[in-house]
Amino acid sequence: MLKVDVITLFPEMIEGAVSHGVLGQAVKSDLLSVKAHTPREFTEDKHRTVDDRPFGGGDGMIMLAEPLKKTIEKVQHNTSKVVYLSPQGRTLNAAIAKEFSKEEHLIFICGRYGGIDQRIINEYVDEELSIGDYVLSGGELGALVIIDALARFIPGVLGHGESAEKDSFSDGLLEQPNFTRPREFLGQDVPEVLVGGNHKVIGEWKDKVSALVTLKKRPDLFREYIKVETEKYNSLKKKKTAAP
Ligand SMILES: NC(=O)c1ccc(NC2CCCC2)nc1
């Protein structure tokens, strides 16, 4: 079972977010473990200080190395992968989420204020990860986005039949439009094909519309999809001609 430890000054942010919905169910069913730890537990001064002014001046405070070191060393073991949430990291995508879902133990370090002491990054961090090109007030929302995205790849987290492999982005295409009751709403009907019940025709419709939606909204993804599918087709053809 994948174990996730989140190092954060606001443990309730993490605990609250992983106790609802699909994530909450996954934690309850022991498919995933998510625990939060605050460096404040490892301070010794009466103000429980976790930050200090940066050498060289500049705005904002920096998180002290010592409380972070103690927190990391409390949860770390030899198979841990330590990830620091930062705009300087590679940007999260479905492939990275899938990769992370295969880890045994993830430790997410969530910075606050102006960041953390560089010596912690040098000594403990295996990789920095970003959820996009913007600055946030803390790493917690980044950690939660990654935890949500990776959980979908853990067998059993999504209902049977559903799978993250069928998520848009996992097959490289955006999803077709979805409808539920009533059949007519705001003067708009549900596409006939979807109420026809012919699963082969419905599947073909979904594939076609999914490709068209992607072509229209994300032509970059569509080009990549065509490239990947063409490579698959060519390698299949090569195998067929090569095989006796
Ligand atoms: N784009 C991101 O994934 C991201 C991560 C952390 C962050 N802020 C943190 C980093 C150090 C102090 C606050 N901002 C943005």
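What counts and what doesn't
- Residues numbered from 1 in each chain as written.
- Predicted model: local features only at pLDDT ≥ 70, side-chain atom pairs only at ≥ 80, totals over all residues.
- Heavy atoms only, no water.
- Helix = DSSP H or I, 4+ residues; strand = E, 2+ residues; numbered from the N terminus.
- Rg over C-alpha atoms; globule rule 2.2 N^0.38 Å.
- Buried < 20%, exposed > 50% of the residue type's maximum accessible area, 1.4 Å probe, protein only.
- Contact = heavy atoms within 4.5 Å.
- Areas by Shrake-Rupley, 256 points an atom, 1.4 Å probe, with all protein chains shown as cover.
- Pairing = 2+ DSSP bridges.
- Axes fitted to C-alpha atoms, helices over the stretch in contact; angles between N-to-C directions.
- Core = buried A, V, L, I, M, F, W, Y, C linked by side-chain atoms within 4.5 Å.
- Salt bridge = Lys/Arg side-chain N within 4 Å of Asp/Glu carboxyl O.
- Near = heavy atom within 4 Å.
- Polar contact = N/O pair within 3.5 Å; in protein donor to acceptor, adjacent residues only side chain to side chain.
- Parallel < 35°, antiparallel > 145°, perpendicular 65-115°, else oblique.
- Nonpolar A, V, L, I, M, F, W, Y, C, P; charged D, E, K, R; others polar.

Asker: Can you walk me through the overall build of the protein in this structure?
Answerer: Scanning the protein for helices and strands turns up nine helices and nine strands. Computed over C-alpha atoms, the radius of gyration of the protein comes to 23 Å, more than 25% over the 18 Å expected from 2.2 N^0.38 for 244 residues, which places it beyond the range of a compact globule. Expressed as lengths along the three principal axes of its C-alpha atoms, the size of the protein is roughly 70 × 55 × 35 Å. Here the protein holds 244 residues, and 38% of them are scored as buried. In the protein, the share of contacts with a sequence separation of at least 24, taken over all contacts with a separation of at least 6, comes to 75%. On the protein, roughly 15200 Å² of surface is accessible, and the fraction owed to carbon and sulfur atoms is 55%.

Asker: How should I be thinking about the sheet that holds strand S1 (residues 2–7) in this particular structure?
Answerer: Pairing between sheet strands relies on hydrogen bonds along the backbone, with the strands arranged either parallel or antiparallel. As summarised here, the arrangement of the five strands in space is S2-S1-S6-S5-S7, forming an open sheet in which the pairing is parallel. Looking at which strands have only one partner, the edges of the open sheet turn out to be strand S2 (32–37) and strand S7 (127–130). Looking at each pair of strands side by side, their axes are set apart by 30° on average, direction ignored. In this sheet, S2 lies alongside S1 in parallel orientation, the contact comprising six bridges. When the sheet's bridge partners are listed, Val 4 is paired in S2 with Val 34.

Asker: What's the story with the nonpolar core in this structure? I'm lost.
Answerer: Considering soluble globular proteins, one finds that nonpolar side chains tend to be buried as a cluster. Ranked by size, the top nonpolar core spans 31 residues in total, and within it Val 4, Val 6, Leu 32, Phe 100 and Phe 108 carry the most contacts. Of all elements in the fold, only S1, helix H2 (21–28), S2, strand S5 (80–91), helix H4 (94–101), strand S6 (105–109) and helix H6 (140–151) reach the threshold of two or more residues within this core. Here this core gets six residues from one element, more than from any other, and that element is H6. Aside from chain neighbours lying at most four places away, what touches Leu 32 is Met 1, Leu 2, Val 4, Leu 23, Ala 26, Val 27, Ile 147, Ala 151 and Ile 154. Counting 16 residues, the second-largest nonpolar core is a separate cluster that includes Leu 9, Tyr 84, Ile 121 and Val 125.

Asker: Can you help me understand the pattern of salt bridges in this one?
Answerer: In a structure, side chains of opposite charge can pair up when their charged atoms sit close to one another. Summed over the entire model, instances satisfying the criterion amount to 15 salt bridges. Salt-bridge contacts for Lys 70 lead to Glu 66; the nearest nitrogen and oxygen are separated by 3.6 Å. Of this pair, Lys 70 and Glu 66 both sit in helix H3 (residues 65–75), four residues apart, which is roughly one turn of the helix. For Lys 70, a relative accessible area of 27% translates into the label partly exposed. Judged by its relative accessible area of 41%, Glu 66 is partly exposed. Glu 127 is the salt-bridge partner of Arg 90, the closest N and O atoms lying 2.9 Å from each other. Linking Arg 90 in strand S5 with Glu 127 in strand S7, this pair joins segments that are 37 residues apart in sequence. The exposure class assigned to Arg 90 is partly exposed, which follows from its relative accessible area of 35%.

Asker: What is the right way to read the site of the ligand from this model?
Answerer: Neighbouring the ligand are 17 residues, the closest being Ser 130, Ile 131, Gly 132, Tyr 134 and Leu 136. At a separation of 2.8 Å, an oxygen atom of the ligand approaches a polar backbone atom of Ile 131. In this structure, a nitrogen atom belonging to the ligand sits 2.8 Å away from a main-chain N or O atom of Leu 136. Contact with the protein chains hides 95% of the accessible area of the ligand, taken as 380 Å² for the molecule alone. Here the element with the most residues in the shell around the ligand is S5; it accounts for four residues.

Asker: Got a minute to help me understand the side chain of Ser 86 in this structure?
Answerer: Within the secondary structure, Ser 86 sits in strand S5. Of note is the side chain of Ser 86, whose polar atom sits 3.2 Å from the side chain of Glu 128. With residues up to four places along the chain from it excluded, the contact list for Ser 86 reads Glu 128, Leu 129 and Ser 130.

Asker: Would you explain the packing of helix H8 (residues 199–217) against helix H9 (residues 219–242) in this entry?
Answerer: Packed helices, taken two at a time, are described by their axes: the angle between them and the distance between them. Two numbers describe how H8 lies on H9: the axes approach to 5 Å, and their chain directions differ by 125°. Considering the angle they form, H8 stands oblique to H9. In this structure, H8 uses Ala 211, Thr 214, Leu 215, Lys 216 and Lys 217 to contact H9, whose residues at the interface are Pro 219, Leu 221 and Phe 222. Here the contact of H8 with H9 is built from residues that sort into five nonpolar, one polar and two charged.

None of the figures reported here should be taken as evidence of function without further support.
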